[in-house]
Amino acid sequence: FTYPGAAEPVLHNISFVALPGETTAFVGSTGSGKSTIINLIPRFYEVTEGQVLLDDVDVRAMRQKDLRARIGYVSQKAMLFSGTIKDNIIYGNPRASQEEILQAAATAQALEFIKELEQKFDSSIAQAGSNFSGGQKQRLAIARALAKNPELYLFDDSFSALDFKTDTALRHALKKEAQGKTVIIVTQRIATIMNADKIIVIDQGEIVGQGTHENLLRTCKIYREIAASQLAPEELARS
């Protein structure tokens, strides 16, 4: 993939399969191309060469509306809209039941702080969610993706604003909630993806490693360096 007007491709030789019922994670340094890869799936950009397939169908052969209806996408910068918490959660699924709304909020670890608000789910959200913290906004954005009940989840560094305890609780709840779904996570935080079924290491727009956490610690120098910079020696030893 080459950005319009750029001289060089930012991605090259990228090939991977993300399967239903599994979590596929991308890790790499800032600017390595992780987010660009998953932005090609909902067609925020079109591939320059090759193709992106969803259930063996080229995404360019689908209407954008139909394609994006199958995807629950959460960006690094949580986008909330003016209105109520409920309005935001059901944005992608206006027919969501009260039970589905509660379940989405609970899985996203948002229910606790929502219950503390005087108006609960009817509480107002200011423009761009300015009356909520970064972590709260991120959890509400994740709840919105969950309430949509899509086939494919794309989390683009969506857990970075969460503390480790919330991150861990959310991932455990998500594993149960997203059974049979395809989950793709982009992150720079090794702890977030240590238990992913497949981790893909990106460096300078290219895949330099692919496997489980334990496997990559043995076989991929770049992954080992990232892990060593984030995990305590005893955590690495346990790995």
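Reading guide: rules and limits
- Residues numbered from 1 in each chain as written.
- Predicted model: local features only at pLDDT ≥ 70, side-chain atom pairs only at ≥ 80, totals over all residues.
- Heavy atoms only, no water.
- Buried < 20%, exposed > 50% of the residue type's maximum accessible area, 1.4 Å probe, protein only.
- Helix = DSSP H or I, 4+ residues; strand = E, 2+ residues; numbered from the N terminus.
- Arc of directions from axis to C-beta.
- Pairing = 2+ DSSP bridges.
- Axes fitted to C-alpha atoms, helices over the stretch in contact; angles between N-to-C directions.
- Contact = heavy atoms within 4.5 Å.
- Lys, Arg positive; Asp, Glu negative; His and termini not counted.
- Salt bridge = Lys/Arg side-chain N within 4 Å of Asp/Glu carboxyl O.
- Polar contact = N/O pair within 3.5 Å; in protein donor to acceptor, adjacent residues only side chain to side chain.

(A) Fine view of helix α10 (residues 221–230). All of the buried residues along α10 are Y223, I226 and A227. Summarising the axial view, the buried residues of α10 lie within an arc of 95°, below the 170-degree limit, and thus occupy one face. Along α10, the residues that are exposed and aim more than 90 degrees away from the buried face are K221 and S229.

(B) Spatial organisation of the sheet that holds strand β8 (residues 182–187). Taken together, 6 strands build an open sheet; the order of strands is β4-β7-β8-β1-β9-β10 and the sheet is mixed. Looking at strand neighbours, the two that pair on one side only are β4 (71–74) and β10 (206–211), the edges of this open sheet. Strand after strand, the sheet turns through a mean of 15° between neighbouring axes, direction not considered. Bridge count for strand β7 (residues 152–156) against β8 is 5 bridges, and the pairing is parallel. Looking at the pairing, L152 lines up with T182 of β8. Along the sheet, α10 makes contact with β1 (23–27), β9 (198–203) and β10, crossing β9 at roughly 100°.

(C) Looking closely at the side chain of K198. Within the fold, K198 resides in strand β9. No salt bridge is formed by the buried K198; its nearest oppositely charged neighbour, E22, is found at 5.4 Å. Here V17 takes part through its backbone oxygen, which lies 2.4 Å from a polar atom of the side chain of K198. Apart from the residues within four sequence positions on either side, K198 is in contact with V17, T23, T24, A25, Q210 and G211.

(D) Representation of the pairing of β9 in the model. Within β9, 5 of the 6 residues are buried, which leaves it mostly tucked inside the rest of the structure. As defined by bridge partners, β1 adjoins β9 across 4 bridges and the pair is classed as parallel. Paired with V27 across the strands is V201, a residue of β9. Across 5 bridges, the pairing between β9 and β10 is antiparallel.

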